[in-house]
Amino acid sequence: MSMETLEVDLITRARSGDGEAFRALTEPYRRELQVHCYRMLGSFQDAEDALQDTLLAAWQGLAGFQERASLRTWLYRIATTRCLNARRAAGRRLAKEWDVPKVEPPEPTRLGEVVWLQPYPDALLEGVVDMPPGPEARYEQTEAVSLAFVTALQVLPPRQLAVLILRDVLGFPATEVAEMLDSTVDSVKSALKRARSGLQLRQRSAADREPHPASGSRAEDAIVAKFVSTYQSADLDALLALLTDDVFMSMPPMPFEYEGLDAAARFFGSIFGADRRFDLMPTRANGQPACGAYVRAPDGVSHGAGLFVLTLAGDQICALTRFENTVLPWFGLPRSLPSR
């Protein structure tokens, strides 16, 4: 049985109420749809909710699938609509207040806009970032899931965001994007032009940096090992030597952002100066090295404090993003580490 015949058979069975046929029909697209929702929303939890809404809408609306476009394109249309609705409903997100015990943070360089950003586990990217995008895509799939890229996407107006992802990340033709958004090709082209301009403004500084080491390379492993060693030993000077002069730090959902080596020195000085000592466990998020951070308690147990995602440039770290400890289970990391 050919793939086309199999799909037609599954659609027929699913339309008659066969849930197993529907799952077999949609399962091949599940992970890539979740990544699409994550790019649209910037939040792992919101992306999972949008994915579930998408699959429910597809199940309920399968009778209306007219097969003019592919099933994949139809599912992307539903997912994009659900994400646009979610963004409109969310409105302005409230930032979280500083909540690190016994630590008084230094004055931030500025307050961040994208406080809802969450990391995405690399384990869920397997088989997705290796997929070839459409011929009109402008971005590599790994680049288009990096924290810097996803953050930059979040400040675009919703419709521009959708057009840029569908056209430049996934490579859908303008005619298909216009149909997905109930729009015209001219409107899509106009929105794409504005979106590219807005994205370029946010990414300009990154273009001047040294390229990052290859994922999983010895060079990358060496930088991560140095970061773990210096952070666990609270060696502020050695840690600062790992950072670029323009290093950027953020910590959503708290809005505090620090830019530059002096600001980083004040921030980490406040952490280490409060006698907080840590154990770190390496992992990966957004195609980047990451570390679960565990603060040591007097009883010898280390309790989950958060997750650092590292952005590398050459043999240094040019950005650190710190997330709350609630994200640790997404990466298979424990809530606490037993005493040594």
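Refer to the structure presented above.
Residues numbered from 1 in each chain as written. Predicted model: local features only at pLDDT ≥ 70, side-chain atom pairs only at ≥ 80, totals over all residues. Heavy atoms only, no water.

A.B. asks: Sorry if this is basic, but what is going on with helix H5 (residues 147-154) here?
C.D. replies: Given 3.6 residues per helical turn, the α-helix brings residues three or four places apart onto the same face. Among the 8 residues of H5, 7 are classified as buried, and the element is accordingly described as predominantly covered. Those residues of H5 that fall on the buried side of the exposure criterion are Leu147, Phe149, Val150, Thr151, Ala152, Leu153 and Gln154. (Buried < 20%, exposed > 50% of the residue type's maximum accessible area, 1.4 Å probe, protein only. Helix = DSSP H or I, 4+ residues; strand = E, 2+ residues; numbered from the N terminus.)

A.B. asks: How should the environment of Leu239 be read in this particular structure?
C.D. replies: Here Leu239 shows up in helix H10 (residues 236-242). When its relative accessible area of 0% is taken as the criterion, Leu239 is described as buried. Along the chain, Leu239 and Ile317 lie 78 residues apart, while their C-alpha atoms are 9.8 Å from each other. Residues contacting Leu239, with those up to four places away along its chain left out, are Phe227, Thr230, Tyr231, Phe268 and Phe272. (Contact = heavy atoms within 4.5 Å.)

A.B. asks: Explain the pattern of salt bridges to me, please; I cannot follow it from the model alone.
C.D. replies: When their charged atoms lie close together, side chains carrying opposite charge are able to pair. Counted by the stated rule, this structure contains 15 salt bridges. A salt bridge links Arg13 to Asp9; the shortest N-O distance between them is 3.3 Å. Of the two residues, Arg13 and Asp9 both sit in helix H1 (residues 3-15), 4 residues apart, roughly one turn of that helix. The shortest N-O distance in the salt bridge between Asp122 and Arg284 comes to 3.1 Å. Of the two residues, Asp122 is situated in the loop between strand E1 (110-111) and H5 and Arg284 in strand E4 (residues 278-285); the sequence distance between them amounts to 162 residues. According to the relative accessible area criterion, Arg284 is partly exposed, its value standing at 21%. Connected via shared salt-bridge partners are Asp9, Arg13 and Asp18. (Salt bridge = Lys/Arg side-chain N within 4 Å of Asp/Glu carboxyl O.)

Nothing here speaks to function; it is all geometry.
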